[in-house]
Amino acid sequence: MRKYAILNNPINKIEKVMVYTFEEDEVYVFLYDTKIDNPSIADYLFEELDDADQFCINEYGISDGDWIYLEDPISGTQRDLIGNQK
C-alpha cells in the first residue's frame, strides 16, 4: 500500500509525504522538497503503519482525508516515485 499527501504549507521545506508499506514490519515515510514526481530527499522506517501515520499527523498535520492512494510500485523500480505503479 502506498499513499501520499501534498502539504498546503511546506514545513521545513517538505512539500509532499508518502507512506509505503513494504512488508508487514517495514513501513517507510518518504519526504519530498517538491510537489512533482522526484525521488524523496529523506525517509523514515517504522515497524507499524499506525506509528508512521502518527508521525505524519504530529510532524506534518496530515489527516486521513488528505491521503491519495496509489498502487504498489512495479517490481525493480524506485519505491518513492509516484509514476512507478503496477
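Definitions and limits used
Residues numbered from 1 in each chain as written. Predicted model: local features only at pLDDT ≥ 70, side-chain atom pairs only at ≥ 80, totals over all residues. Heavy atoms only, no water. Salt bridge = Lys/Arg side-chain N within 4 Å of Asp/Glu carboxyl O. Helix = DSSP H or I, 4+ residues; strand = E, 2+ residues; numbered from the N terminus. Expected span 1.5 Å × (residues − 1). Contact = heavy atoms within 4.5 Å. Buried < 20%, exposed > 50% of the residue type's maximum accessible area, 1.4 Å probe, protein only. Lys, Arg positive; Asp, Glu negative; His and termini not counted. Polar contact = N/O pair within 3.5 Å; in protein donor to acceptor, adjacent residues only side chain to side chain. Patch = residues over 30% accessible without salt bridge, like charges linked within 9 Å, V, L, I, M, F, W, Y side chains within 5 Å. Areas by Shrake-Rupley, 256 points an atom, 1.4 Å probe, with all protein chains shown as cover. Charge placed at Lys NZ, Arg CZ, Asp CG, Glu CD. Pairing = 2+ DSSP bridges.

Novice: What am I meant to see in the pattern of salt bridges here?
Specialist: Opposite charge on two side chains makes pairing possible when the charged atoms of those side chains draw close. On inspection of all chains with the given rule, the structure shows 1 salt bridge. Lys 3 is the salt-bridge partner of Asp 53, the closest N and O atoms lying 2.9 Å from each other. Remark: Lys 3 occurs in strand S1 (residues 2–11) and Asp 53 occurs in helix H1 (residues 49–60); sequence separation between them is 50 residues.

Novice: What is the right way to look at H1 in this model?
Specialist: Three or four residues apart is the spacing at which side chains of an α-helix point the same way, because the helix has 3.6 residues per turn. Here H1 contains 12 residues, and its C-alpha end-to-end distance of 16 Å stays within 8% of the 16 Å for a straight helix at 1.5 Å per residue. Against S1, strand S2 (14–23), strand S3 (26–32) and strand S4 (42–46) lie the buried residues of H1. Directly after H1, the chain includes Gly 61, whose backbone phi takes a positive value near 65 degrees.

Novice: Got a minute to help me understand the side chain of Arg 2 in this structure?
Specialist: Among the secondary structure elements, Arg 2 is positioned in strand S1. One buried charge, Arg 2, has no salt-bridge partner; the nearest side chain with opposite charge is Asp 72, at 5.2 Å. Of the polar contacts made by the side chain of Arg 2, one reaches the backbone oxygen of Arg 79; its length is 3.0 Å.

Novice: In this structure, what is going on with a negative patch on the surface? I would like to understand it.
Specialist: Together, Glu 23, Glu 24, Asp 25, Glu 47, Glu 48, Asp 50 and Asp 51 give the surface a local cluster of negative charge. Position of Asp 51 among the secondary structure elements: in helix H1. Using a relative accessible area of 42% as the deciding quantity, one classes Asp 51 as partly exposed.

Novice: Just to check I follow, could you spell out the pairing of S3 for this structure?
Specialist: Note on strand geometry: in a regular strand, side chains alternate between the two faces of the sheet. Most of S3 sits inside the fold, with 6 of its 7 residues counted as buried. For S2 and S3, the ladder comprises 7 bridges, and the chain directions are antiparallel. Within S3, the position partnered with Val 19 by the bridge is Val 29. Hairpin connection, S2 to S3: the antiparallel pair is bridged by 2 residues. In terms of strand pairing, S3 meets S4 through 5 bridges, oriented antiparallel. Directly across from Val 29, in S4, lies its bridge partner Tyr 44.

Novice: Got a minute to help me understand the pairing of S1 in this structure?
Specialist: With 6 bridges connecting them, S1 and S2 associate as antiparallel partners. The residue of S2 that forms the bridge with Tyr 4 is Met 18. Across 3 bridges, S1 lies against strand S5 (residues 68–70) in antiparallel orientation. Residue pairing in the sheet places Lys 3 in a bridge with Tyr 69 of S5.

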